[in-house]
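# Structural overview for review
Letter by letter, the chains look like this.
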Protein chains: 2
Amino acid sequence: MKLLEERILRDGHVKEGNILKVDSFLNHQMDIALYQEIGKEFYRLFSGCGVTKILTIEASGIGIACVTAQFFHCPALFAKKSRTKNIDGEVYTSQVESFTHGGSYQIMVAKRFLTPDDRVLIVDDFLAKGNALLGLMDIVDQAGASLAGCGIVVEKGFQEGGRIVREKGVRVESLAIIDRMEEGKIVFRPQE
Amino acid sequence: MKLLEERILRDGHVKEGNILKVDSFLNHQMDIALYQEIGKEFYRLFSGCGVTKILTIEASGIGIACVTAQFFHCPALFAKKSRTKNIDGEVYTSQVESFTHGGSYQIMVAKRFLTPDDRVLIVDDFLAKGNALLGLMDIVDQAGASLAGCGIVVEKGFQEGGRIVREKGVRVESLAIIDRMEEGKIVFRPQE
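The structure contained in this document is the topic of the report that follows.

The rules behind the values
- Residues numbered from 1 in each chain as written.
- Chains lettered and ligands numbered in written order.
- Predicted model: local features only at pLDDT ≥ 70, side-chain atom pairs only at ≥ 80, totals over all residues.
- Heavy atoms only, no water.
- Helix = DSSP H or I, 4+ residues; strand = E, 2+ residues; numbered from the N terminus.
- Rg over C-alpha atoms; globule rule 2.2 N^0.38 Å.
- Buried < 20%, exposed > 50% of the residue type's maximum accessible area, 1.4 Å probe, protein only.
- Contact = heavy atoms within 4.5 Å.
- Areas by Shrake-Rupley, 256 points an atom, 1.4 Å probe, with all protein chains shown as cover.
- Lys, Arg positive; Asp, Glu negative; His and termini not counted.
- Charge placed at Lys NZ, Arg CZ, Asp CG, Glu CD.
- Least-squares fit on C-alpha atoms with pLDDT ≥ 70 in both.
- Buried area = accessible area lost by both parts, 1.4 Å probe.
- Salt bridge = Lys/Arg side-chain N within 4 Å of Asp/Glu carboxyl O.
- Polar contact = N/O pair within 3.5 Å; in protein donor to acceptor, adjacent residues only side chain to side chain.
- Nonpolar A, V, L, I, M, F, W, Y, C, P; charged D, E, K, R; others polar.
- Pairing = 2+ DSSP bridges.
- Disulfide = S-S within 2.5 Å.
- Core = buried A, V, L, I, M, F, W, Y, C linked by side-chain atoms within 4.5 Å.
- Phe/Tyr/Trp six-rings, centres within 6.5 Å; stacked < 30°, edge-to-face > 60°.
- Lys NZ or Arg CZ within 6 Å of the ring centre and 35° of its normal.

## Regarding the overall build of chain A
The helix and strand tally for chain A stands at five helices and 11 strands. Against the compact-globule benchmark of 16 Å for 192 residues, chain A has a radius of gyration of 16 Å, which places it among compact chains. Out of the 192 residues in chain A, the part that is buried amounts to 56%. Once local pairs closer than 6 in sequence are excluded, the contacts in chain A between residues at least 24 apart make up 60%. Of the roughly 8,700 Å² of accessible surface on chain A, a fraction of 47% belongs to carbon and sulfur atoms. Computing the positive centroid from 24 side-chain charges and the negative centroid from 26, chain A places the two 1 Å apart.

And the structure:
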């Protein structure tokens, strides 16, 4: 997505340790006009797939999921991160390794919001090692729902997440794929 | 907001300890058509106030902020909750007491996204004791930004948050105010 790549080049910053900061428009301050273009593009890619629910994970996926859901005219749903056992009982849970924060955390979705009738589009802001995505896919699987695919805003193509998920036969559409970041310079993978 | 009150009566559940569960449409699964009506109503109430930024707190405020920001044609911004000190340095922080989880947590907003030129509308899904709102107001204040007001989806009118914030001279618009919950029955405060 040209508009997004241009925005990353203009306003993104590469920090030490190959960390890409896009917090001025994507995951802290949120440029809603850009979000609408992102949602529209996910709709272009996944319309006709019978999507009934947009699933994401808190926190920075939520805005993307909500704006995207407007195009699909379906509900959005976010998996909650929790450190404590949920007392409600009626939840699907999955364990996610955290690269950013170290250790692992549990994600959960109430069972009544994901059923075998659902056709799910997972969306998230970043795909790197893929752990959050695998956790969400695990929950879709537990629910007996079917997965239309994954819509990612920025994929770090030099990390293994995208490969792992695609090798499972899952359709992953990333609006920008970063092949490498060298000396602060961002190089995108060509996509048509 | 009639539509919201009807929805709360239809799909909300009062659980032990006066806890209102609205997770089927507001803060876990999100009914985006309802979100759009909420955003439209906040715009009706606060348009003409010169709002330049919608501020909220993660996680469940984010979707509301994003959908609302579409009507104001301005960015949305969410305060991050953190248990660790931010190493970036350039952040405003405030301490928030947590009723739900016990203890307290720190919220933070990068300084460069909130300036004295900003006119801020704070939005959130719930207002009860008001601690999160007071933390967000503290950050707006630290930034030297001005506050247009607070847009709340559901206010628990039997808790003190709404009174405390209004007594500070802040305009608080709550789309539904619950005066009491008795034996599972929800009673709304009449609003014109």
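Having seen the structure, we can now continue with the description.
## Describing the relation of the copies chain A and chain B
Expressed as a screw transformation, the operator carrying chain A onto chain B has a rotation angle of 180 degrees and an axial translation of 0.0 Å, and the superposed copies differ by an RMSD of 0.0 Å. The superposition of one copy onto the other is thereby described by a two-fold rotation axis. The fraction of interface residues of chain A whose copies in chain B are also interface residues reaches 100%, indicating that both copies meet through the same surface.

## With respect to the interface of chain A and chain B
Opposite the 34 residues of chain A that make contact, chain B presents 34 residues. Contact between chain A and chain B buries roughly 2,800 Å² in total, counting both sides, with carbon and sulfur atoms accounting for 59%. Applying the counting rule to chain A against chain B returns two salt bridges. Note that Arg112(B) and Asp23(A) form a salt bridge whose closest N and O atoms lie 2.6 Å from each other. Applying the counting rule to chain A against chain B returns 13 residue pairs in polar contact (both at pLDDT 80 or more). Sorting the residues of the side of chain A that touches chain B by element identifies strand E3 (29-30), helix H2 (32-46), helix H3 (61-72), strand E5 (76-82) and strand E7 (104-110) of chain A as the ones contributing at least two each. It is H3(A) that provides the largest number of residues to the side of chain A that touches chain B, a total of six residues. Tallied by class, residues from the side of chain A that touches chain B come to 17 nonpolar, eight polar and nine charged. Inspection of the sheet shows E5(A) paired to strand E3 (residues 29-30) of chain B by two bridges, in the antiparallel sense. Looking at the pairing, Leu77(A) lines up with Gln29(B) of E3(B).

## Remarks on the state of the cysteines
By definition, a disulfide is the covalent link that joins the sulfur atoms of two cysteine residues. If you walk through the whole model with that rule in mind, you get zero disulfides over all chains. No disulfide involves Cys49(A); its sulfur sits 12 Å from the nearest other cysteine sulfur, which is in Cys150(A).

## A short note on the pairing of strand E10 (residues 172-182) of chain A
Residue and element names in this part refer to chain A. Note: strand E9 (residues 146-156) against E10, six bridges, orientation parallel. Bridge pairing links Val154 to Ala176 in E10. Sheet topology places E10 next to strand E11 (residues 185-188); four bridges connect them, and they run antiparallel. What sits directly across from Met181, in E11, is Ile186. The loop that links E10 with its antiparallel partner E11 comprises two residues; one of these, Glu183, has a positive phi angle of about 45 degrees.

## A closer look at the pattern of salt bridges
Residues and elements named next belong to chain B. Scanning the model with the defined rule gives 30 salt bridges over all chains in all. Here Arg44 and Glu41 are joined by a salt bridge, their closest N and O atoms 2.8 Å apart. Taken together, the positions of Arg44 and Glu41, both in helix H2 (residues 32-46) and three residues apart, correspond to about one turn of that helix. A relative accessible area of 56% means that Arg44 is categorised as exposed.

## Details of the nonpolar core
Side chains that are nonpolar tend, in soluble globular proteins, to be buried together. Counting 77 residues, the largest nonpolar core has Ile8(A), Leu26(A), Ile54(A), Ile8(B), Leu26(B) and Ile54(B) as its most contacted members. In this view, Ile54(B) contacts Ala65(B), Thr68(B), Ala69(B), Phe72(B), Cys74(B), Pro75(B), Ala76(B), Leu77(B), Leu121(B) and Val123(B); residues no more than four positions away in its chain are not counted.

## Looking at the packing of aromatic side chains
All names here are of chain A. Under the definition given, this model contains two aromatic pairs over all chains. Ring geometry for Tyr43 against Phe72: centres 4.9 Å apart, planes inclined by 80 degrees, an arrangement best described as edge-to-face. Here the residue Tyr43 occupies a position in helix H2, and Phe72 occupies one in helix H3, the gap between them amounting to 29 residues. The ring of Tyr105 has Lys81 sitting right over it, with the charged end atom 5.1 Å from the ring centre. In this structure, Arg171 packs its charged tip against the face of Phe46, placed 4.4 Å from the ring centre.

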